[in-house]
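Okay, here's what each chain looks like letter by letter:
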Amino acid sequence: MHEYLNVFGFEMPLYGLMILLGIIVANAVALSLCKKFKADKLEMLTVESYGIIGAFLGSKILFLIIGFREIDWARLGEIKYLINVITNGFVFYGGLIGAILCMMLAGKIHDIQVWYYLRRFIFMIPIMHAFGRIGCFFAGCCYGRPYKGFGAVTFPEGSQALPNVPLFPVQLVEATLVMILAIVLILLEVKKKFYYTIETYLLAYSVIRFVLEFLRYDAVRGEAFGLSTSQWISIVVFVGTIISIIYRKKKCIKKTTN
């Protein structure tokens, strides 16, 4: 539970290291399945590259919106403070939205059928997310509520979490749940050739995130009418996905009856 890993005197941020590891693992799994899915590796990597850029920009932009009052905008001229603002604080839902938008852009620019790749490789997102949440655990960000039950964790001084206070390990719980979700998505695609993989991911994660937000204790999350920003987004995502499924099914029925 430390922010940095000391390697030969060089301090490596564990949050970034875990994200990098998540990208490597997700790509290793995806590339091994390309032949089975009859997918072009270069196209898959192109779509993913745009998605990673969009995820970074989207997650940072939403964090800046939510934490607008917490940022000392007058100090942005200070290089050290500016770097700290850029490298710390990300909101997953902003990253998800940014990733999808940038992947759509990749489809337009490179003439790639983005939805084909999204449906088959959607499992890459929860794999990366799981490793990212482990990174959050090391850094102490996105920490849980004070809790003295089974699995309680206590962060040291210097961590972003409340130090020396037993807390609920919400980061590790989320990492476990989204990794399970990733495995389920892989099995649905490989064994069942299930079409609604994107919808399954969105529905499952929106429920996971909505529930786990009640167990979070970090302050910079935004709130309205007793619910956090991410909970409101979860509601919109869940309802929007249900509507999308109903619309698609009705469209399919209409086509078969005509």
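All values derive from a computational prediction rather than experimental measurement. (Residues numbered from 1 in each chain as written. Predicted model: local features only at pLDDT ≥ 70, side-chain atom pairs only at ≥ 80, totals over all residues. Heavy atoms only, no water.)

## What to know about the side chain of Thr46
Alright, step 1. As for its placement among the helices and strands, Thr46 is situated in helix H2 (residues 41-66).
Alright, step 2. By relative accessible area, which is 18% here, Thr46 ends up buried.
Alright, step 3. Residues within four places of Thr46 in sequence aside, it is in contact with His110 and Ile112. (Helix = DSSP H or I, 4+ residues; strand = E, 2+ residues; numbered from the N terminus. Buried < 20%, exposed > 50% of the residue type's maximum accessible area, 1.4 Å probe, protein only. Contact = heavy atoms within 4.5 Å.)

## Some words on helix H7 (residues 170-192)
Alright, step 1. Under the 1.5 Å per step criterion, the end-to-end length of H7 is 32 Å for 23 residues, consistent within 8% with the ideal 33 Å.
Alright, step 2. Residues of H7 that are buried sit in contact with helix H1 (14-37), helix H5 (114-121), helix H6 (124-139) and helix H8 (197-212). (Expected span 1.5 Å × (residues − 1).)

## Some remarks on the nonpolar core
Alright, step 1. Core analysis: the largest hydrophobic core is formed by 45 residues, its most contacted members being Phe121, Phe123, Met124, Tyr201 and Tyr205.
Alright, step 2. Among the nonpolar cores identified, the runner-up in size contains six residues, and Tyr143, Val153, Phe155 and Leu167 belong to it. (Core = buried A, V, L, I, M, F, W, Y, C linked by side-chain atoms within 4.5 Å.)

## Things to note about the pattern of salt bridges
Any two side chains of opposite charge can pair, on the condition that their charged atoms come close.
Alright, step 1. Going through the model one piece at a time under the given rule, you end up with six salt bridges.
Alright, step 2. Between Arg75 and Glu78 there is a salt bridge whose closest N-O contact spans 3.3 Å.
Alright, step 3. For Arg75, a relative accessible area of 34% gives the class partly exposed.
Alright, step 4. Each of Arg209, Glu213, Arg216 and Asp218 takes part in salt bridges that share partners, so that together they form one network. (Salt bridge = Lys/Arg side-chain N within 4 Å of Asp/Glu carboxyl O.)

## Digging into the state of the cysteines
Alright, step 1. According to the stated counting rule, one finds zero disulfides in the structure shown.
Alright, step 2. Between Cys136, a cysteine without a disulfide, and Cys141, which holds the nearest cysteine sulfur, the sulfur-to-sulfur distance is 3.6 Å. (Disulfide = S-S within 2.5 Å.)

## Some thoughts on the environment of Pro146
Alright, step 1. Position of Pro146 relative to the elements: it lies in the loop between H6 and strand E3 (153-154).
Alright, step 2. For the pair Pro146 and Ala30, spaced 116 residues apart in the sequence, the C-alpha separation amounts to 38 Å.
Alright, step 3. The residues contacting Pro146, other than those within four sequence positions of it, are Val165, Pro166, Leu167 and Tyr217.

Take it as geometry only, folks, not as evidence of what the structure does.
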